[in-house]
Amino acid sequence: MGSLLDVRDLHAWIGRFHILQGVSFTVPAGETTVLLGRNGAGKTTTLRAIMGLVGVRQGSVRLAGQELAGRRPYEIAQLGIGYVPEDRGIFRFLTVEENLRVAERSRGALKARQDLIYGLFPDLARFRQRKAGHLSGGQQQMLAIARALVDDNRLLLIDEPTKGLAPIVVQHLTETLAEIARHVTVLLVEQNFAMAARLGRTCVVIDAGRVVHIGPMDELAASPELQQRWLGVGQQKAS
Ligand SMILES: Nc1ncnc2c1ncn2[C@@H]1O[C@H](COP(=O)(O)OP(=O)(O)OP(=O)(O)O)[C@@H](O)[C@H]1O
Ligand SMILES: [Mg+2]
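Asks: So what exactly am I meant to see when it comes to the coordination of the magnesium ion (ligand 2) here?
Replies: Ideal coordination angles are 109.5 degrees for a metal with four donors arranged tetrahedrally and 90 or 180 degrees for a metal with six donors arranged octahedrally. Surrounding the magnesium ion (ligand 2) are the protein donor atoms Thr-44 (OG1) and Glu-86 (OE), which sit 2.0 to 2.6 Å from the metal. Here Glu-86 lies in the loop between strand 6 (81-84) and helix 3 (96-102) and Thr-44 lies in helix 1 (residues 43-50), a separation of 42 residues in the sequence. Glu-86 gets classed as partly exposed once you look at its relative accessible area, which sits at 29%.

In structure tokens, the structure reads:
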């Protein structure tokens, strides 16, 4: 299969800071690609730049051959990209169901996919009338991901879904994401190495706004030496 997303020489500026300095990589269709890198490397900025959410960007981002550069964030979303931001982007004062409903881009989308969504996330089904702010951290993350599934997206961009979650919740979320990834192409930013290794087929490592390594995830997972070289860490404990 060819690549679904093709990022080429992407630059991004935040204020006067030149954050992304020519990022290039591809996301093969039907696979999960993991974006790795130390804190402040530019992972979130890469996802935001793909979505058109950074002030100034330059370079090319193609989704199935279609150029996204210059388009507004809502247009980019409409082309079939679901974005799950680092801060989750859910509405705390709306119920679970309302959060899903406001995620609809086309009428009837939720109705068509709610069985799938509530099947993947039984907790959300149970608490569908509960305010999102009253859910646990793990449930809030599930809701954030569920919102990206309401529409029939071709690609999901998911930013650090395990952040701040307990190991048992991470394990559960990993298995659910593995199930989701069977049906949709995913670009995942994840610092939890065990999750990244379980889900990713290819990894892209960025540092200081540049790509420093692209290779098979299992190769990186098997080699503490490569981890040390590209991520500055030894073999991390699976959690
Ligand atoms: N609003 C901002 N103003 C100034 N600098 C910013 C802003 N947002 C991000 N940066 C800088 O851009 C760089 C990349 O940030 P980014 O959030 O993309 O990193 P990240 O790889 O997602 O890090 P983390 O692992 O901590 O989430 C960092 O050096 C950060 O300090
Ligand atoms: Mg980040």
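Asks: Explanation requested: the site of ligand 1 in the structure shown.
Replies: The full set close to ligand 1 counts 13 residues, and Gly-40, Lys-43, Thr-44, Thr-45 and Glu-86 are the nearest of them. A distance of 3.2 Å is found between an oxygen atom of ligand 1 and a side-chain nitrogen or oxygen belonging to Asn-39. Compared with its free state, where it exposes 630 Å², ligand 1 has 60% of that area covered by protein. Ranked by the residues each element gives to the shell around ligand 1, the list is headed by helix 1, at 3 residues.

Asks: What am I meant to see in the environment of Val-34 here?
Replies: Here Val-34 lies in strand 3 (residues 32-36). Judged by its relative accessible area of 0%, Val-34 is buried. The residues contacting Val-34, other than those within four sequence positions of it, are Leu-188, Glu-190, Ala-196, Gly-200, Thr-202, Cys-203 and Val-204.

Asks: Can you help me understand the pattern of salt bridges in this one?
Replies: Where side chains of opposite charge bring their charged atoms close, a pairing between them can arise. Under the counting rule described, the total for this entry stands at 11 salt bridges. Measuring nitrogen to oxygen at the nearest pair gives 3.9 Å for the salt bridge that ties Glu-97 to Arg-128. Residue Glu-97 is located in helix 3, and its partner Arg-128 is located in the loop between helix 5 (122-126) and helix 6 (137-149); the two are separated by 31 residues in the primary sequence. As a salt-bridge pair, Glu-179 and Arg-182 come within 3.1 Å of each other at their nearest N and O atoms.

Asks: What is the right way to read the sheet that holds strand 6 from this model?
Replies: Remark on secondary structure: sheet strands pair via backbone hydrogen bonds, oriented parallel or antiparallel. Taken together, 6 strands build an open sheet; the order of strands is 6-7-8-3-9-10 and the sheet is mixed. Looking at strand neighbours, the two that pair on one side only are strand 6 and strand 10 (210-216), the edges of this open sheet. Each adjacent strand pair in this sheet contributes to an overall mean axis angle of 15°, direction not counted. Where strand 3 and strand 9 (residues 202-207) come together, 4 bridges link them in parallel fashion. Paired with Thr-33 across the bridge in strand 9 is Thr-202. Sitting on the sheet, helix 6 is in contact with strand 6 and strand 7 (155-159), with an inclination near 165° to strand 6.

Asks: Looking at this structure, I do not really get the layout of surface pockets. What am I missing?
Replies: In this approach the atoms are scanned with a rolling probe the size of a water molecule, which exposes any empty space left behind. By volume, the largest pocket amounts to about 350 Å³. When residues of the lining of the largest pocket are traced back to their parent elements, those giving at least two are helix 2 (73-78), strand 6 and helix 6. In the lining of the largest pocket, the residues fall into 12 nonpolar, 3 polar and 4 charged. Space inside the second largest pocket adds up to approximately 160 Å³. Looking at the lining of the second largest pocket, its residues break down into 6 nonpolar, 2 polar and 3 charged.

Basis of the calculations
Residues numbered from 1 in each chain as written. Chains lettered and ligands numbered in written order. Predicted model: local features only at pLDDT ≥ 70, side-chain atom pairs only at ≥ 80, totals over all residues. Heavy atoms only, no water. Donors = N, O, S within 2.8 Å, 3.2 Å for Na, K, Ca; no water. Helix = DSSP H or I, 4+ residues; strand = E, 2+ residues; numbered from the N terminus. Buried < 20%, exposed > 50% of the residue type's maximum accessible area, 1.4 Å probe, protein only. Near = heavy atom within 4 Å. Polar contact = N/O pair within 3.5 Å; in protein donor to acceptor, adjacent residues only side chain to side chain. Areas by Shrake-Rupley, 256 points an atom, 1.4 Å probe, with all protein chains shown as cover. Contact = heavy atoms within 4.5 Å. Salt bridge = Lys/Arg side-chain N within 4 Å of Asp/Glu carboxyl O. Pairing = 2+ DSSP bridges. Axes fitted to C-alpha atoms, helices over the stretch in contact; angles between N-to-C directions. 1 Å grid on protein atoms, 1.4 Å probe; cavity = no way out; pocket = protein on both sides within 12 Å on 5 of 7 lines; lining within 4 Å. Points joined across faces, edges and corners; volume = space filled by probe spheres on them. Nonpolar A, V, L, I, M, F, W, Y, C, P; charged D, E, K, R; others polar.

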